[in-house]
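# Summary of the model geometry
The primary structure of each chain is shown beneath.
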Amino acid sequence: MVTSSDSASTAYRTCPLCEATCGLAIEHRDGKVLRVRGDADDVFSKGFICPKGAALGELNEDPDRLRRPLKRTGDRWEEVSWSEAFAAVDAGLNRVAQQYNRQALAIYLGNPSAHNLSGTLYNRALIKALGTRNVFSASTVDQMPKHLSSGLMFGAPLMIPVPDVDRTSYMLMLGANPWVSNGSLATAPDWPGRLRALRKRQGRFVVVDPVRTQTAAHADEHVALRPGADAWFLAAIIHTIFDEGLARPGRLAEAMNGRAELEAALKPLAPERVADATGADATTIRRLAREFAAAERAVCYGRIGTCTQRFGSLASWLVDALNAITGRLDEPGGAMFPTPAHEPRRATPTPGGRGFDVGRWNSRVRGAPEVLGEFPVAALAEEITTEGEHQIRALVTVAGNPVLSTPDGDALASALSRLDFMVSIDPYLNETTRHADIILPPPPPLSRTHYDVSFYGFAIRNVANFSPAVMPLPGDGWPEWKIQLRLVAGLSGLAAGVDDQQHVAQVDDFVCRQVVGREVRDPASPLNGRDPEALIAELGEPRGPERLVDFLLRAGAYGDGFGAHPGGLRLQTLEDNPHGIDFGPLVSKLPGALKTPSGRIELAPPAFIEDLSRLEAALDEGDSPGLVLIGRRHLRSNNSWMHNVPGLMTGRPRCTALIHPDDAKEAGITDGQTVRVRSATGEVTVVAELDPSIRRGVVSLPHGWGHSDEHARLRVAARTPGTNTNILASRHQIDPLSGNSVLNGIPVSLGVA
Ligand SMILES: Nc1nc2c(c(=O)[nH]1)N[C@H]1C(S)=C(S)[C@@H](COP(=O)(O)OP(=O)(O)OC[C@H]3O[C@@H](n4cnc5c(=O)[nH]c(N)nc54)[C@H](O)[C@@H]3O)O[C@H]1N2
Ligand SMILES: Nc1nc2c(c(=O)[nH]1)N[C@H]1C(S)=C(S)[C@@H](COP(=O)(O)OP(=O)(O)OC[C@H]3O[C@@H](n4cnc5c(=O)[nH]c(N)nc54)[C@H](O)[C@@H]3O)O[C@H]1N2
Ligand code: SF4
Ligand SMILES: [Mo]
């Protein structure tokens, strides 16, 4: 929505930069952003904003942002027309598919593709059109363990319970730093405010993290765990709950399988046995278990620190197992399941479904099982460089920078340079896209519509907000969804000679028919049996993402059901409510929503029970004598791609190695000195920052840095390039169940450079 005062206008818009979905008020004039503030009337964020949101204008106007497609010849780049670029992509991809086969094509999807409608609505069509099993994404350097645990426990990989922060009275938080990250897999603007409110109402929150982070500093208690020890720690807590007779599964007791198996399997992992390995003492672990069980409302929440480590899947499972056996799952103030507005309406859901399978196929070189249709991104380089049938020869990247974001970045960069063809949909010429033959730039954030399909699914309240584009598409730019669908058309052999826009319209109609068709064929849908063409006709214009969102909303949980629920939600309703609509706090959904074959919560999935032997065996390895590396985030940064925004790059250099003063002393290192950090995989040099808030024996480096590639075009980022921490991470260290990379707990040594 746009309102005018003088010649400046204010537009209200959901911020697409992180998971918090804050409402922004954007003042602009003549295509220029004058000011970005938090939208005080936003139903969810109520005026909260962080420095990244405030810099959205600068990001939008970044002179280094690509405006037209780029084509590379050797080391030279030239701007080309869209039709020339598309023709080159059609030729490049189809040549590889014909000369080899479809498996020779691969795709990597990066994080921002979850933050925009093009990615969330159309990636599936692109993957299908490629027709390859070589699908990779940032999920395997992030949350894949959580998809696996949800898939095996609840039957659906996207059924991730979120902490009901606003109503809980006790929060046990592991491996998350929402003060800085603004929250993840728990969408909520203003985490700091919400956690302060928890303490104000006499609640407690406990942070488990090797670092006394800003979040830990605001908590009632901080447990400085050793990196990678979460599964032992959580197992010992659950052990204590059983051991001391504190298990109270409550309302859902009858809907749980495997309680006895869980208890038996965790018998050997008593607090007293795991204490040394975790770095927390047994008395503390037992006390925390009792506190958790006794609290009126409690929730355990684990995030990236619990995922990107060698026992990521076990830790993710144990978080929810703890919530379940203490009756905290699906209860107010506990771990609950959101009901986003675009979730299909189901009148009386019955528990049970097909469940979740993994390993339906395996990666060619190391035989890693697929999870959620993906292979570990840690396996991408070897799939490109190892000769044989189904070797990857062409790659599409969408919104990703895996050279900086995934393990052994140098090896991946060298693999990318050997591809026959690479195309990137990306606004920047950066460390990854510099290897592409063609770069197709999407428009800046303020020139596109937004509705958060991904993150309303993880929101701690049921809210919905739609943002029309604030500004028109610049010049001859293409919206990202059209770029994607044009690639789909080229891969699907649609008649040559038809104009590009017409291709897109055809594919868009096809995708729309599929989405509508799926719903009307579902016997559980209130739209079952309706005529899909009549529904599509009712949606009318415009097409593209808006039409799909309108359909999802109308068929959704609060929708008008195409006449069945007069007054129900549709896109127009959100357009009429520019500050969003609040559908209230989360409501209980189990057992109805369960999708496991048993129709019950699986507390003890066999894959996890088996993996416990690896966890137990690691206990006997004893302490690792040296230092271990972990990562961190910064409030004014966003993974690898916002270091080119001058307003966010002020202050002291941020890519430093945090080292405990006692560890530094032992290694003869002083504050501000340049040091070498070496792992079994690689070595980096970086400035040391001594900080007593980090646990002894642990070194921390942020990820997303290393902007010294002379072929990139990131003039601001290049001034303070930092170093790529993922040179230290190994492609061969993954959590075997989920394929997630081990990015925390990497053994390293320090030396003066
Ligand atoms: N060591 C270590 N490594 C990590 C992590 C860690 O904690 N430690 N965290 C991991 C996590 S959680 C994640 S999510 C990954 C992120 O991994 P990636 O998704 O691979 O990397 P990003 O840095 O998010 O890069 C985003 C890319 O998208 C482009 N982009 C930005 N906006 C748009 C858009 O609107 N459309 C398109 N098409 N492109 C856009 C940017 O220019 C950039 O090239 O990194 C992971 N890597
Ligand atoms: N400002 C900013 N916000 C962001 C991002 C960003 O780059 N910058 N990235 C976004 C993305 S893609 C994501 S996925 C989210 C992530 O959001 P969060 O999960 O909140 O991530 P972090 O802030 O990295 O916090 C992770 C914490 O885990 C701790 N840790 C490391 N290893 C271990 C371990 O083994 N066990 C335990 N218990 N803790 C450990 C670290 O010390 C760190 O404090 O943030 C998102 N938001
Ligand atoms: S917290 Fe996230 S959503 Fe909110 S303004 Fe900052 S970047 Fe945007
Ligand atoms: Mo992430």
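None of the values given here were measured: they were computed from a predicted structure.

## Some details on the domain arrangement of the protein chain
- By domain assignment, the protein chain separates into domain 1 (164-331 + 598-615) and domain 2 (625-752).
- In this structure, domain 1 and domain 2 have C-alpha centres spaced 28 Å apart.
- Taken as a group, Val180, Pro227 and Thr308 account for 31% of the area that domain 1 buries against domain 2, more than any other trio of residues on that side.
- The interface formed by domain 1 and domain 2 contains one salt bridge.
- Of the charged contacts, one joins arginine 614 and aspartate 735 as a salt bridge, the two residues approaching to 3.5 Å between their closest N and O atoms.
- Inspection of the region where domain 1 meets domain 2 yields seven residue pairs in polar contact (both at pLDDT 80 or more).
- Sorting the residues of the side of domain 1 that touches domain 2 by element identifies α6 (178-181), α13 (304-307), α14 (312-325) and α23 (606-619) as the ones contributing at least two each.
- For the side of domain 1 that touches domain 2, the element with the most residues is α23, which contributes four residues.
- Looking at the side of domain 1 that touches domain 2 residue by residue, the classes come out as 11 nonpolar, eight polar and five charged.

## Here we look at the nonpolar core
- Judged by nonpolar contacts, the single largest core of 160 residues is most densely connected at Leu172, Trp232, Phe233, Leu440 and Tyr451.
- Broken down by element, this core gets its largest block of residues, 10 residues, from helix α9 (residues 230-243).
- Every residue in contact with leucine 440, bar those within four places of it in the chain, is listed here: Pro69, Trp82, Ala85, Phe86, Val89, Val423, Ser424, Ile425, Asp426, Ile483 and Leu487.
- Listed in part, the 45 residues of the second largest apolar core include Tyr108, Val403, Leu416 and Ala657.

## Points about the sheet that holds strand β18 (residues 438-440)
- As summarised here, the arrangement of the seven strands in space is β6-β5-β18-β17-β16-β7-β8, forming an open sheet in which the pairing is mixed. The open sheet is flanked by β6 (76-79) and β8 (135-137), the only strands paired with a single partner. Adjacent strand axes in the sheet meet at a mean angle of 20° when their direction is disregarded.
- Note that strand β7 (residues 105-109) and strand β16 (residues 394-398) share five bridges and pair parallel. Across the sheet, leucine 109 pairs through a bridge with valine 398, a residue of β16.
- Here helix α4 (residues 117-130) sits on the sheet in contact with β7, β8 and β16, set at roughly 165° to β7.

## Section: the sheet that holds strand β23 (residues 656-659)
- The strand order around the closed barrel formed by six strands is β22-β26-β23-β25-β24-β27, and the pairing between neighbours is mixed. Pairs of neighbouring strands in the sheet enclose a mean axial angle of 45°, with direction left out of account.
- When strand β22 (residues 627-632) meets strand β26 (residues 698-702), the two strands line up parallel, connected through five bridges. When the bridges of β26 are listed, isoleucine 630 appears paired with serine 700.

Criteria and cut-off values
Residues numbered from 1 in each chain as written. Chains lettered and ligands numbered in written order. Predicted model: local features only at pLDDT ≥ 70, side-chain atom pairs only at ≥ 80, totals over all residues. Heavy atoms only, no water. Domains from an automatic or database assignment. Buried area = accessible area lost by both parts, 1.4 Å probe. Salt bridge = Lys/Arg side-chain N within 4 Å of Asp/Glu carboxyl O. Polar contact = N/O pair within 3.5 Å; in protein donor to acceptor, adjacent residues only side chain to side chain. Helix = DSSP H or I, 4+ residues; strand = E, 2+ residues; numbered from the N terminus. Nonpolar A, V, L, I, M, F, W, Y, C, P; charged D, E, K, R; others polar. Core = buried A, V, L, I, M, F, W, Y, C linked by side-chain atoms within 4.5 Å. Buried < 20%, exposed > 50% of the residue type's maximum accessible area, 1.4 Å probe, protein only. Contact = heavy atoms within 4.5 Å. Pairing = 2+ DSSP bridges. Axes fitted to C-alpha atoms, helices over the stretch in contact; angles between N-to-C directions.

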